[in-house]
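Close look at the chain arrangement
Chain residues, written in single-letter form:
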Amino acid sequence: MNTADLIWANGELVPWEDAKVHVLTHALHYGTGVFEGIRAYDTDLGTAIFRHRDHLERLQKSATLYYMDIPYALDELREATHELISQNGLRSCYIRPLVVRGYGPMGLDPLSNPVEVYIAVWEWGAYLGEEGKSNGIRARVSSYRRISSDSLIPHAKACGQYLNSVLAKIESKNAGYDEAILLDQKGVVCEGTGENVFVIRDGEIFTPPHTASILDGVNRRSVIEIARDLGYRVTERDVARSELVHADEVFLTGTAAELTPIREIDDIALGPPGEITRQIQRVFDDALHGRAEQYREWLDVVQVPSKA
Ligand code: PPE
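Anyway, here's the lowdown on the structure attached to this text.

Here Arg 51, not a glycine, exhibits a phi torsion of approximately 50°, which is positive. Its place among the elements puts Arg 51 in the loop between strand 5 (46–50) and helix 2 (52–65). One non-glycine residue with positive phi stands out, namely Asp 202, at about 50°. Its relative accessible area of 65% is what places Asp 202 among the exposed residues.

Looking now at the pairing of strand 11 (residues 196–201). For strand 11, the buried fraction is high: five of the six residues fall into the buried class. Strand direction decides the pairing type here: strand 11 and strand 14 (residues 249–254), joined by five bridges, are antiparallel. Considered in strand 14, the bridge of Val 197 is made with Leu 252. Two strands pair when backbone bridges link them, and strand 11 and strand 12 (residues 204–207) are joined in this way by three bridges, in the antiparallel orientation. Each residue of the ladder has a partner; that of Ile 200, found in strand 12, is Ile 205. In sequence, strand 11 turns back onto strand 12 through a hairpin of two residues, with Asp 202 there showing a positive phi of about 50°.

Where two aromatic rings form a pair, the distance of their centres and the angle of their planes describe that pair. Within this structure, the stated rule accounts for 10 aromatic pairs. Aromatic pair Phe 50 and Phe 284: ring centres 6.2 Å apart, planes at 85°, arrangement edge-to-face. With Phe 50 in strand 5 and Phe 284 in helix 8 (residues 275–288), this pair connects stretches of sequence that are 234 residues apart. The class of Phe 50 is buried, set by a relative accessible area of 3%.

So, how was this worked out
Residues numbered from 1 in each chain as written. Predicted model: local features only at pLDDT ≥ 70, side-chain atom pairs only at ≥ 80, totals over all residues. Heavy atoms only, no water. Helix = DSSP H or I, 4+ residues; strand = E, 2+ residues; numbered from the N terminus. Buried < 20%, exposed > 50% of the residue type's maximum accessible area, 1.4 Å probe, protein only. Pairing = 2+ DSSP bridges. Phe/Tyr/Trp six-rings, centres within 6.5 Å; stacked < 30°, edge-to-face > 60°.

Have a look at this one:
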């Protein structure tokens, strides 16, 4: 991976290689942590973090759902992130805030373990490859179902919950695919291992609703808004597995993956990215990179001194 110089650890900037935790960190054993994935882009306005507040609010909500009080206000985390990007001299980067139950008593009750907060930033290219972003990826429907609200909290972005994504990801990669699409407990389409999913049929756009165990993706929300602004009808409703392969176009959205088209599902070709996908992808890309006046309010601009 691309490393950076510094990591923000509980209020201090420490060298990348010194950002370490004790082996008895509670989260290492039990997955008791929450995190975010955010991106900052090099724009004409300077380095701009996409929908920073929305991500930080989701981080706080995830923490609350797991009974963790983050010992910093959202504004403090925001400022820490600006400082971190500046000090690392990065023009664009991926941002990973992480809140974990730290070293303390072992055993499942985490309530007396400290809540620790870290923020890392690094340069991260196209998550599913440049080629995938341009020409589409190959996906398969996973044999693993997405975690349900019967046993976990699909709306929380919690560390331990990602074992579900990891299993689905490994399965899909071992079978020669780029990504997995998980169904929910009821058997309807949920999402990718780290992306929300959209299906287009006869000019209409559909995406699984909150009741399908999805993570409420910030980019999902952005793309719904953009598509509606472009005049498309977007409906949040259950999507049957078979609709994936009967669709004209299917694409994924996520911070890491941005907007990535799918060209094949379960060995059935959907073809190269379609016109509607392309159009939305263009506007979305303009929004991310500060080229769309209409979506400027989504950007949190950082003043980054040049690395000189
Ligand atoms: N679902 C899941 C399960 C998920 O992890 C993500 C983000 C999304 C949907 C899309 O959410 P949003 O980024 O707010 O639009 N996945 C993050 C982690 C990826 C990783 O490999 O780590 C991300 O994209 O940053």
